[in-house]
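Architecture and fold: a report
Here is how the chains run, residue by residue.
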Amino acid sequence: MKRIITLLFIIMLSCHDNKAPVLEDQTQGIALQNEAIATSDQGNIVLVLHGGASYPTPTRNNPTRDSIIKEVMGRALIAGRDTLLKGGSSTDAVEVSIQILEDSPFFNAGKGAVFNGEGVNELDASIMEGKERKAGAVAGVKQIKNPINAARMVMDSSDNVLLVGEGAERFSKLKGATLVSNDYFFTQDSWDELVKAKKENNEKLPKSPIEKNEKFGTVGAVALDLGKNIAAGTSTGGRSNKRFGRVGDSPIIGASTYADNRYCGVSSTGWGELFIRNAVAHSVVSYVEFKNSGIQEAAQWVMYDKMKGIEGGIIALDKEGNASFPFNTPVMNRGYITLTGEPKVFIYK
Ligand code: ASP
């Protein structure tokens, strides 16, 4: 309650405006090393993850924090890979690994999600499997501990694709999801960021959400199972200080998440409204389909050409186990694992 009152006070002092112009081209100097994949691993990768694209800040990017990010993402990669080794589906692997990232307070998903402009956490998630192209998603949920579980429930146990708010909560409760009070998602980091954003709102408009030093850290995964099925998923708290009811790209099939066994699976992170408008995840798949190209070319074209000047990143994995990780910010938490290798996690370009 005290937190909400402080926030109301700050809101009174500031004028909320989420509009921001598109950045100048940021893609110069971006080289293939962004991919950071050992040549021997291409063709053998079974799971790729991202944990958000951003600009570095001293609180978020320091050796202690970096090692935590690497530890958690490494653990998520191993858990997902072990699921596949036990015969689990790519959908299982995506769900297991995203759930680990949601449970960590260091990502903007599940516990640790950012706050909307009213000091409430509203979470979004989606999942898709590439065999029948079934998909499920939830948006604007405030009480589901692991939104990725709820997205899976929508995919598996309903004939819908996207459920929102209270309806999504009622549905997933019926299906056995764990519900928590909204306070569960609180982290001091996310709160401080909201307070800072409120205070700064009267000053000049930032060039982009990332330049506001928002807590990026949306999470996503793409997996390939032993039956050559691809699945993809994404989970987020959205954008800090977002308008109540705002839904970003993460729960939108085709914007942030897409999977098609014939081509590839994709999860993305970045400025949601622009990722929706550019159908980012589906664009990668369509590029592979219509140009008959590899995923490197497809994902790089979407991120560096189609999305030129719009900040964010993409992870993609094809049916042969080739992966691509293009991004145009200085930081994107990302990693991959093969069936037998150690997890590889990267943070910087
Ligand atoms: N795409 C997310 C959103 O706009 C944010 C992010 O990826 O960091 O909701």
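The structure we're discussing is the one just above.
Calculation criteria
- Note that residues are indexed from 1 along each chain, following the sequence as it is written.
- Restriction of local features to residues with pLDDT of at least 70 applies here, the model being predicted, together with a cutoff of 80 or more for giving and counting side-chain atom pairs; totals for whole chains, interfaces and linings are based on all residues.
- Excluding hydrogens and water, the side-chain figures rest on all heavy atoms present in the structure.
- Proximity is defined per residue: any heavy atom of the residue falling within 4 Å of a molecule or strand makes that residue near it.
- We call two N or O atoms a polar contact when they sit within 3.5 Å, provided that within protein one can donate a hydrogen and the other can accept it, with sequence-adjacent residues counted only if both atoms are side-chain atoms.
- Under the convention used here, a 1.4 Å probe and the Shrake-Rupley method define accessible areas, while residue burial counts only the protein chains that appear.
- Throughout this entry, Asp, Glu, Lys and Arg are counted as charged residues, while Ala, Val, Leu, Ile, Met, Phe, Trp, Tyr, Cys and Pro are counted as nonpolar. The remaining residues, Gly among them, count as polar.
- A helix here means a DSSP run of H or I that spans at least four residues, while a strand means a run of E at least two residues long, and both kinds are numbered starting from the N terminus.
- Relative accessibility decides the category of a residue: with a 1.4 Å probe and only protein chains considered, values under 20% of the type maximum give buried, values over 50% give exposed, and everything between is partly exposed.
- Axis definition: a line fitted to C-alpha atoms, limited for helices to the stretch in contact. Angles are taken between N-to-C directions and run from 0 to 180 degrees.
- Every angle not falling under 35 degrees, over 145, or within 65 to 115 is termed oblique; those three ranges are roughly parallel, roughly antiparallel and roughly perpendicular.
- Two residues form a contact once any of their heavy atoms are found within 4.5 Å.
- The rule is short: rings of Phe, Tyr and Trp, with Trp giving its six-membered ring, pair when the centres are within 6.5 Å, and they are stacked under 30 degrees, edge-to-face over 60, tilted in between.
- In this scheme, the term charge over a ring applies when either NZ of a lysine or CZ of an arginine sits within 6 Å of the ring centre and within 35 degrees of the ring normal.
- Two strands are said to pair when DSSP picks up at least two bridges between them.
- Handedness of a crossover is defined as follows: with both strands directed away from the viewer, a clockwise route from the first strand across the helix to the second makes it right-handed.

Turning to the site of the ligand, a few remarks are in order. Near the ligand the following residues occur: F216, T218, G238, R239, R246, G248, D249, S250, T269, G270 and G272. Contacts to the ligand include R246, whose side-chain N or O atom sits 2.8 Å from an oxygen atom. D249 is positioned such that a nitrogen or oxygen atom in its side chain is 2.6 Å from a nitrogen atom of the ligand. Burial of the ligand by the protein amounts to 99% of the accessible area it has alone, namely 270 Å². When the residues that make up the shell around the ligand are grouped by side-chain class, the tally is one nonpolar, seven polar and three charged.

Phi angles above zero are rare outside glycine, and N241 is one such case at about 70 degrees. The residue N241 is located in the loop between β6 (230–236) and β7 (257–260) in this model. For N241, a relative accessible area of 1% gives the class buried. If you check the backbone angles, N292 has positive phi at about 55 degrees while not being a glycine. Note on placement: N292 falls in the loop between α8 (280–291) and α9 (295–306).

This paragraph deals with the packing of helix α3 (residues 90–103) against helix α4 (residues 147–157). When two helices pack together, their arrangement is captured by the angle between the axes and the distance separating the axes. Running from amino to carboxyl end, α3 crosses α4 at an angle of 155 degrees, the nearest separation of the two axes being 8 Å. Taken together, the axis directions place α3 and α4 in an arrangement best described as roughly antiparallel. Across the interface between the two elements, T91, D92, E95, I98, Q99 and E102 from α3 touch P147, I148, N149, R152 and M155 from α4. Class assignment of the residues belonging to the contact of α3 with α4 gives a composition of four nonpolar, three polar and four charged.

Another point: the packing of aromatic side chains. Taken as a whole and judged by the stated rule, the model has seven aromatic pairs. Considering the side-chain rings of F115 and W191, the 5.0 Å spacing of their centres and the 85 degrees angle between planes classify their relative orientation as edge-to-face. On the criterion of sequence distance, the pair formed by F115 in the loop between α3 and β2 (123–129) and W191 in helix α6 (residues 188–200) is long-range, its members being 76 residues apart. With centroids separated by 6.3 Å and ring planes inclined at 45 degrees, the aromatic side chains of F186 and W191 adopt a geometry described as tilted. Cluster of aromatic residues (ring-pair linked, three or more members): F115, F186 and W191. The ring of Y184 has K111 sitting right over it, with the charged end atom 5.3 Å from the ring centre.

A few words on the pairing of strand β3 (residues 135–141). Burial runs high along β3: seven of the seven residues are buried. Strand direction decides the pairing type here: β2 and β3, joined by five bridges, are antiparallel. For L123, the partnering residue across the bridge sits in β3 and is V141. Two successive antiparallel strands, β2 and β3, enclose a turn made up of five residues, where R133 displays a positive phi of approximately 55 degrees. Two elements, β3 and strand β4 (residues 162–164), share three bridges in a ladder whose sense is parallel. Opposite V138, over in β4, you have L163 as the bridge partner. This β-α-β element, β3 to α4 to β4, shows left-handed connectivity.

We now examine the environment of T83. Locating T83 in the fold gives a position in helix α2 (residues 63–85). By relative accessible area, which is 16% here, T83 ends up buried. Taking the C-alpha atoms as reference, T83 lies 9.4 Å from V94; in sequence the two are 11 residues apart. Among all residues touching T83, those that are not within four sequence positions of it are G88, D92, A93 and V96.

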